[in-house]
Amino acid sequence: MKALVYGGPGQKSWQDVPDPRIVKPTDAIVRIDTTTICGTDLHILKGDVPAVQAGRILGHEGVGTITDVGASVGNLKVGDRVIISCIKSCGHCTNCRTGLYSHCLGDEGQSGIGWIFGHLIDGTQAEYVRVPYADNSLHRLPEEVSDEQAVMLSDILPTGFEIGIQYGRVKPGDTVAVIGAGPVGLAAIATAGLYGAATIIAIDLDENRLEQAKTFGATETVISGSSGWKEQVLALTDGLGVDVAIEAVGIPQTFEMATQVVRPGGNVANVGVHGKPVELHLEDLWIQNINISMGLVNANTTPMLLKLVAQQKIPAEKFATHRFTLDNILDAYDTFSRASETNALKVVITR
Ligand SMILES: NC(=O)c1ccc[n+]([C@@H]2O[C@H](COP(=O)([O-])OP(=O)(O)OC[C@H]3O[C@@H](n4cnc5c(N)ncnc54)[C@H](O)[C@@H]3O)[C@@H](O)[C@H]2O)c1
Ligand SMILES: [Zn+2]
Ligand SMILES: [Zn+2]
C-alpha cells in the first residue's frame, strides 16, 4: 500500500510500504476512506516530537471501513464504517476504567501514553491502518453522518470540548473567551453552547479566523494584535473578567493572556500543546481563586458528540475547507501548512 512516511525533520514522502496485518487478536485493519492533517503533524515534521522516528507513517485522525478483525474483536465486523479515535483505549486498565484514555496502560505503543497513532505506531495517513484495541478505539458510524463530519470527531471536536469546555467547567450563562481560533479553538467555540455559555468571545490575530469563529457560534470577536485587546475583552464583561478563559494556541503569551482576562473565581483551561516553559504569575494569581486545568484529550466523549453531529447540533462539516485525494497528500500538506494564506481549517483527504 501507499502511505505518508516521516523521513526525519523536514522530510516526508508518499511511498510504498508493506500492508498492515493483524498482530494481536484485539486488532482490526481499517481501509482509510477519509483522513486529515493536524497541527501536531506539522510539529512532528519540524522535529519537535523526537519520539517519532524516521519511517513512521503519520496521522492520528481518520474514518474508514473495516477489512479484517482479530479473533477477539467482538463489537465490530468486516465492512463496518468507523471513526478511528486519535487515542488508544484498551478499555480495561485502571485509567481506561475512569475514562482517562489519554493514559491507557495497555502496552501498545507505550504503556501510559494514549496518543500512539502517527507517533509511536503507524498512523492513518495511509491506505490502510492497524488499529489496536479495536473494540474500544473505533466507533461505528451511522449512515447519516458523512466521512467529512466524522473525521472531525477523531481529535479536534473532543479536544475542544473535553479540555476546553469540560475542564474549564463552563456552566449556563457563562462568558467564555477562547484564545486561538484554529480548528481546536473553533471546536471549543462550537461546543461551548452544550453547557449553556451565553457569551463566547473569540480572540485571534487572524481576521479570517475570527470571521470563521462567528459561523461556529462566537458572539464577539477581538483581534489580539490590536493594543487594547484586553480592555475590549473586559468591556464585554462589565470589567469583571470572563468566567472561563480557554487557551488554544500553545505559546507562553497566550497562556498569560488567559490569566489576564479571567475573573476572580474563574477557570483557565489550557488546551494548547506547549514546547516552552510558561511563567505563572502566582504573585498576582494566588489571591484570585482561579482554577487552572490542562490535559491531553481522552476522546471519551466522541460517541456522545457523534450523536449531536448526527442530529445536526454541531456543525462538524464546517471545519472542512479544502479537499484532496490520498495520492495528492503532499499538496494537502502544502495547503495546510500555509493556513494563514490559504484560509485552511481542516484539509479533507479521501481515497
Ligand atoms: N490538549 C490536547 O489534547 C490537544 C489536542 C490537539 C491539539 N492541541 C493543541 O491545541 C492548539 C491549537 O490547535 P489548532 O490545530 O487549532 O492550532 P492552529 O495553529 O491551527 O491555530 C492556532 C490559532 O492561534 C492563533 N494565534 C497564534 N498566536 C496568537 C496570539 N498571540 N494571540 C491570539 N491568537 C493567536 C492563530 O492565528 C491560529 O488561528 C495547538 O497547540 C495544538 O497542538 C491540543
Ligand atoms: Zn491532532
Ligand atoms: Zn487502557
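Residues numbered from 1 in each chain as written. Chains lettered and ligands numbered in written order. Predicted model: local features only at pLDDT ≥ 70, side-chain atom pairs only at ≥ 80, totals over all residues.

To continue, consider the overall build of the chain. Each helix and strand counted, the chain has 13 helices and 15 strands in total. Over its C-alpha trace the chain gives a radius of gyration of 20 Å, about what one expects of a compact globule, namely 20 Å for 351 residues. Its C-alpha atoms give the chain principal-axis dimensions of roughly 60 × 40 × 40 Å. A separation threshold of at least 6 residues defines the contact pool for the chain, and within that pool the share at least 24 residues apart is 70%. (Helix = DSSP H or I, 4+ residues; strand = E, 2+ residues; numbered from the N terminus. Rg over C-alpha atoms; globule rule 2.2 N^0.38 Å. Contact = placed C-beta atoms within 7 Å.)

We now examine the site of ligand 1. Close to ligand 1 lie 28 residues, the nearest being Gly180, Gly182, Val184, Gly250 and Val273. Those elements giving two or more residues to the shell around ligand 1 turn out to be helix H1 (39-46), helix H5 (156-166), helix H6 (183-192), strand S9 (199-204) and helix H9 (252-261). By residue number, the principal contributor to the shell around ligand 1 is H6, which donates three residues. For the shell around ligand 1, the per-class residue count stands at 13 nonpolar, eleven polar and four charged. Lining the shell around ligand 1 are residues from two domains, each supplying at least three of them: domain 1 (2-155 + 299-350) and domain 2 (157-294). (Near = placed C-beta within 6 Å. Nonpolar A, V, L, I, M, F, W, Y, C, P; charged D, E, K, R; others polar. Domains from an automatic or database assignment.)

So, on to the domain arrangement of the chain. In terms of domains, the chain is made up of domain 1 (2-155 + 299-350) and domain 2 (157-294). Taking only C-alpha atoms into account, the centre of domain 1 sits 27 Å from that of domain 2. The set of elements that each furnish at least two residues to the side of domain 1 that touches domain 2 consists of H1 and helix H11 (302-310). Here the residues of the side of domain 1 that touches domain 2 sort into nine nonpolar, six polar and four charged.

This part covers H9. Of the positions making up H9, those classed as buried are Thr254, Phe255, Met257, Ala258, Thr259 and Val261. Where H9 is buried, its residues contact strand S8 (175-179), helix H8 (229-235), strand S11 (242-247), strand S12 (262-270) and helix H10 (282-285). (Buried ≥ 20, exposed ≤ 12 C-beta atoms within 10 Å, placed from the backbone.)

Among the five residues in strand S15 (residues 346-350), four count as buried, and that is most of the element. Relative to S15, strand S3 (residues 28-36) is paired through three bridges, and the arrangement is antiparallel. Of the residues in S15, the one forming a bridge with Thr34 is Thr350. Both strand S14 (residues 320-325) and S15 contribute to a ladder of five bridges, which runs parallel. From the neighbouring strand, Ala320 faces S15, where its bridge partner is Lys346. (Pairing = 2+ DSSP bridges.)

Positionally, Glu211 belongs in helix H7 (residues 207-215). It is 22 Å that separates the C-alpha atoms of Glu211 and Gly196, two residues lying 15 residues apart in sequence.

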